[in-house]
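# Structure at a glance
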Amino acid sequence: AAIEIISTSVTSEFPEGFRIKAEVNAENEIESIAVRLRIGQQTRGAYEYLDFEKGTLVNSELFWRTSTSARYVPPGTIITYNFEVEDKAGTRVDTEPEQFIYYDARFDWEEVSGGPVAVAYHGPVKTRAETILEAILETLEIMGPILGAGTEEPIRVTMYNNVKEMLEALPPGSTTHRRELTTAGQAFTQVGTLLILGGGRLARGTASHEVIHILTHRAGDSIFGNVPSWLDEGLAEYGNVEPGFSYDIALDFALNTDKLLPITSMPVLPGDPEDVIIFYGEARSLVQYMIFRWGPEAMRELLAVLKSGTNMDDAL
């Protein structure tokens, strides 16, 4: 009763950040107002103090910047927050957690959703958004049992209508080469958010591929290490509901010209675009063989063992 939270708000100013406000009334002078934040599905949160002029009736504010590479938050991410208010007498109040969707402030968004998946879109493109949603739900049904991943946790998708919109939403400081490679879609696995170019002819396949990265992260990544690139990309193409033919062609070419890559010992994808396509073709072929030879149960167990902290050689 000594402290009353009159109003709170969180407003998107993407790509710069989001603004947090709280109006508080108290019998005694207010000592501090803090906010706890959890970005998407991340386990670690943040704790920050809001600015205000001391008194018993105060308006406090905090601007959480996301316009740097280190602080970037993809649009569409769920922000969970609650406030902690303390007065001079030591009385403290904690508010119940609430959620805010960090939309791209440049557009007015609508959503289609099913199960744990929500696809945000803007403009008269609802049918495209429904196509993306359908592809992702189909992928979850196929790959959830194989990966042993949590398919009930939220997956947020922000769909853009053209390349220009998409580029301006990607992390700041991306190189031109990286931007060109990621304009079709990009998964931000730790927060459970996916950006997709909805107008592309490969949109269904891209959405399916990228959402598997989120599932693989949930199933196999840990504080000890991440699923290696060859397995991560191989799974993403194995479960793709609309795969392309270019990877098979590249793999066939590499086999016939003795240009296969040692992908299981490569820490990251190669820099040469032609090698990248071969890498994907090899990775998908290896994962297909593993699941065909030992079954989905073995793949599920492999990822669980990786998540426990076992290194890749011992896990295999």
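So, here is what we can say about the structure in this document. Here the structure is a predicted model, which means the values were calculated and not measured.

Calculation notes
- Residues numbered from 1 in each chain as written.
- Predicted model: local features only at pLDDT ≥ 70, side-chain atom pairs only at ≥ 80, totals over all residues.
- Heavy atoms only, no water.
- Salt bridge = Lys/Arg side-chain N within 4 Å of Asp/Glu carboxyl O.
- Helix = DSSP H or I, 4+ residues; strand = E, 2+ residues; numbered from the N terminus.
- Buried < 20%, exposed > 50% of the residue type's maximum accessible area, 1.4 Å probe, protein only.
- Pairing = 2+ DSSP bridges.
- Axes fitted to C-alpha atoms, helices over the stretch in contact; angles between N-to-C directions.
- Contact = heavy atoms within 4.5 Å.
- Parallel < 35°, antiparallel > 145°, perpendicular 65-115°, else oblique.
- Nonpolar A, V, L, I, M, F, W, Y, C, P; charged D, E, K, R; others polar.
- Phe/Tyr/Trp six-rings, centres within 6.5 Å; stacked < 30°, edge-to-face > 60°.
- Lys NZ or Arg CZ within 6 Å of the ring centre and 35° of its normal.

### Here's the deal with the pattern of salt bridges
One pass over the structure, following the stated rule, counts 18 salt bridges. The salt bridge partner of D94 is R36, with a shortest N-O separation of 3.3 Å. With D94 in strand β7 (residues 92-94) and R36 in strand β3 (residues 30-39), this residue pair connects regions lying 58 residues apart in the sequence. Its relative accessible area of 36% is what places D94 among the partly exposed residues.

### Thoughts on the sheet that holds strand β12 (residues 185-188)
As a general point, the strands of a sheet are linked pairwise by backbone hydrogen bonds and lie either parallel or antiparallel. Taken in spatial order, the 5 strands line up as β9-β10-β11-β13-β12 in an open sheet, and their pairing is mixed. The open sheet has two edge strands, β9 (110-114) and β12, and neither has a second partner. Strand-to-strand, the axes of this sheet are offset by a mean angle of 15 degrees, without reference to chain direction. In this structure, β12 lies alongside strand β13 (residues 193-197), joined through 4 bridges in antiparallel fashion. Bridging across to β13, Q186 finds its partner in L195. Across the sheet, helix α1 (residues 126-147) touches β9, β10 (117-121), β11 (155-160) and β13, and the angle it forms with β10 is around 160 degrees. In the packing of helix α4 (residues 203-220) onto the sheet, the strands contacted are β11, β12 and β13, and the crossing angle to β13 comes to about 165 degrees.

### As for the packing of helix α6 (residues 246-256) against helix α7 (residues 273-294)
Where α6 contacts α7, the two axes come as close as 8 Å, and the packing angle between them is 95 degrees. When the axis of α6 is compared with that of α7, the two are roughly perpendicular. From α6, S246, Y247, D248, A250, L251 and A254 reach across to α7, where they touch I277, I278, Y280, G281, E282, R284 and S285. Split into classes, the residues belonging to the contact of α6 with α7 amount to 7 nonpolar, 3 polar and 3 charged.

### Details of the pairing of β13
Counting buried residues in β13 gives 5 out of 5 residues, a clear majority hidden from the surface. In β13, alternate side chains face the same way, and those of T193, L195 and L197 on one face and L194 and I196 on the other are all buried. Bridge count between β11 and β13: 5 bridges; the pairing is parallel. Bridge pairing links T158 to L195 in β13. Joining the antiparallel neighbours β12 and β13 is a turn of 4 residues, in which G192 adopts a positive phi near 75 degrees.

### Considerations on the packing of aromatic side chains
Under the criterion given, the structure shown has 14 aromatic pairs. Ring geometry for Y103 and W109: centres 6.5 Å apart, planes at 10 degrees, overall stacked. Overall, the relative accessible area of 25% leaves Y103 in the partly exposed class. Taking 5.8 Å as the distance between ring centres and 85 degrees as the angle between the ring planes, the aromatic pair formed by Y289 and W294 counts as edge-to-face. We classify Y289 as partly exposed; its relative accessible area is 44%. Taken together, the aromatic side chains of F14, F18, W64, F100 and Y102 make up a single cluster linked through ring pairs. For the cation-ring pair, R71 lies above W64, with the distance from its terminal atom to the ring centre recorded as 4.0 Å.

### Focus on the sheet that holds strand β1 (residues 3-12)
The strand order β1-β2-β5 describes an open sheet built from 3 strands, whose pairing is antiparallel. Here the strands that pair on one side only, and so sit at the sheet edges, are β1 and β5 (57-65). Each neighbouring strand pair of the sheet contributes to a mean axis angle of 15 degrees, computed without reference to strand direction. Pairing of β1 with strand β2 (residues 17-26) involves 9 bridges; the strand directions are antiparallel. Each residue of the ladder has a partner; that of S9, found in β2, is K21.

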